[in-house]
Amino acid sequence: MKKSFYALMLFMFVGFYATAQKVEFEEYKLDNGLHVILHQENAAPVVTVGVMYQIGAKDEVEGRTGFAHFFEHLLFEGTENIERGKWFDIVSANGGSNNANTSQDRTYYYETFPSNKLEIGLWMESERMLHPIIEQIGVDTQNEVVKEEKRQRIDNAPYGKIIYRTGVNNHLFKKHPYGRSVIGSMDDLNAAQLDEFIDFNRQYYNPNNAVLVVAGDIDIEQTKALIADYFGPIPNNAEPNTREEIVEPPITETRYATEYDSNIQIPAYIFSYITPKSTDKDAYVLDYISTILTGGNSSRMYKRMVDQDKVALQVLAFNQGSQDYGTYTMGALIKGEPDWDALRATMDDEIKKLQTQLISDKEYQKLQNQFETNYVEANSSVQGIASSLATYYMLQGDTDRINKQLDIYRSITKEDIMRVANEYLKPNQRVEIKYLAGSGPEDSKQ
């Protein structure tokens, strides 16, 4: 029954958003500083309640890394009115789903319910914000959960240090905290005392440091009244999180690094660059570049390295624009015994073509079509829209960028692609990483 319900919702969402692009929303602040964004879409009886806090891994201090990600787990433990271990039971019993995630810049919690359960979602998130119970048994339990997550996703996962960037960002960023991993240090978490976790919660998980998004089948005025009841009385325990600008010195000479992974048999060769932050148009241009070079079996590097030269089994790329800086990582899984110099020359040759020759009309039109499709898919559910609205408000300072994103991609020219490739993809501005099978020296940052 549940599968049929969600299949129907997905069908209705895609049918609606395939013909609609502009996302309507209303935003305002409560007296306690909580920013509220409401998006009404009554096409299907579902609603998402999400709260994003301005606290991420970059806000942590040396010696106490991993707190932001740890709280992603810890704040599901329970509250004064939600018995320990019952959070997921309540969500499931009301036909909903929930999750949370942490980045360098923020932490996000959300629930998706049938729309007649909106009040349950608002109550649960207000409980999480107002009076979570933080006690030693919860800290100990979630400590084990985080350790297991690290083992599964990074330590024991093939190419985990590339996918989760623990073996990449540490070589790029030497001053900015983006060089630290989001999951943090297990030693730091083990050494922390209970009062440190309590203090961390009081410092960051306040209304004035958060944005609440409610998206879906709602009545705006009724929802405002419920929000006022549940969130209006919540006090602030600290001032909003203020961040000092930390400037990462540019890379001016090629850096070389070697990473080891005991979970793989096929080595990889990686180039990684520091790129503009997410609000910069050039970050969008790099999305295009990433697609041209390594986006699927029709990409230039796939055709060159996999189909033509047969020196790689697969190519890869990650272009990520964050609040302060972005990163662009590209590379290949190597076929046979690596000839590092030849691999470097091949990859540089494809970059050089992008720097010296305008892409074809066919490639350009394909990019535009692909990113229009991506935009529609990203906004094909109220859950996706809720996350986007919170992200654009908190990390880019403009909620309406959800409606400007497609125009930014459409405004990118062939000349922009050539210019950005020349500006950011220079050999002396990157880290080159040999990613090898086997065991090597432990990374002190992990």
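Residues numbered from 1 in each chain as written. Predicted model: local features only at pLDDT ≥ 70, side-chain atom pairs only at ≥ 80, totals over all residues. Heavy atoms only, no water.

Trainee: Looking at this structure, how should I read the nonpolar core?
Mentor: Across soluble globular proteins, you tend to see nonpolar side chains buried next to one another. Within the largest apolar cluster, 46 residues are counted, with the highest numbers of intra-cluster contacts made by F71, F197, Y205, L212, V214, I227 and F231. Looking at this core element by element, the count peaks at five residues for helix α2 (residues 67-74). Excluding anything up to four places from it in sequence, Y205 contacts Y53, I55, A68, F71, L75, T107, Y109, M129 and F200. The next biggest cluster of nonpolar side chains, apart from the first, holds 37 residues, and it includes V315, I334, Y364 and L367. (Core = buried A, V, L, I, M, F, W, Y, C linked by side-chain atoms within 4.5 Å. Buried < 20%, exposed > 50% of the residue type's maximum accessible area, 1.4 Å probe, protein only. Helix = DSSP H or I, 4+ residues; strand = E, 2+ residues; numbered from the N terminus. Contact = heavy atoms within 4.5 Å.)

Trainee: I would appreciate a short explanation of the confidence of the model for the protein in the present structure.
Mentor: Mean pLDDT over the protein: 92, with 94% of residues reaching 70 or higher. The low-confidence segment residues 1-20 (pLDDT under 50) makes 24 contacts with residues lying over four places distant or belonging to another chain. (pLDDT = per-residue confidence, 0-100.)

Trainee: Please explain a nonpolar patch on the surface as it appears in this structure.
Mentor: A contiguous nonpolar patch, built from I163, Y164 and F318 and spanning about 270 Å² of accessible area, is present on the exposed surface. Positionally, F318 belongs in strand β9 (residues 312-321). (Patch = residues over 30% accessible without salt bridge, like charges linked within 9 Å, V, L, I, M, F, W, Y side chains within 5 Å. Areas by Shrake-Rupley, 256 points an atom, 1.4 Å probe, with all protein chains shown as cover. Salt bridge = Lys/Arg side-chain N within 4 Å of Asp/Glu carboxyl O.)

Trainee: Is there a simple way to explain unusual backbone geometry in this structure?
Mentor: Phi is mostly negative for residues that are not glycine, and the peptide bonds are mostly trans. Positive phi is not limited to glycine here, since Y159 has a value of about 60°. Within the secondary structure, Y159 sits in the loop between α5 (136-155) and α6 (160-163). Judged by its relative accessible area of 17%, Y159 is buried. Its identity is not glycine, yet K310 carries a phi of approximately 55°, on the positive side. In this structure, K310 sits in the loop between α12 (300-308) and β9.

Trainee: What is the right way to read the environment of V146 from this model?
Mentor: Looking at the element boundaries, V146 is found in helix α5. With 73 residues separating them along the chain, V146 and H73 place their C-alpha atoms 7.9 Å apart. Apart from residues no more than four positions distant in its own chain, V146 is found in contact with H69, F70, H73, I183, M186 and L189.

Trainee: Explain the sheet that holds strand β4 (residues 97-102) here, please?
Mentor: By definition, the strands of a sheet pair up through backbone hydrogen bonds, in either a parallel or an antiparallel sense. Overall, mixed pairing links the six strands, which are arranged β1-β2-β6-β3-β5-β4 in an open sheet. Single-partner strands in this sheet number two, and they are β1 (26-29) and β4. Averaged over neighbouring strand pairs, the angle between their axes works out to 15° when direction is ignored. Bridging between β4 and strand β5 (residues 107-114) involves six bridges; their strand directions are antiparallel. In the strand pairing of β5, T102 is matched with T107. This element, α2, spans β4 and β5 of the sheet and lies at about 170° to β4. With respect to the sheet, helix α15 (residues 382-396) is in contact with β1, β2 (35-40), β3 (46-53), β4, β5 and β6 (210-216), its orientation differing from that of β6 by roughly 150°. (Pairing = 2+ DSSP bridges. Axes fitted to C-alpha atoms, helices over the stretch in contact; angles between N-to-C directions.)

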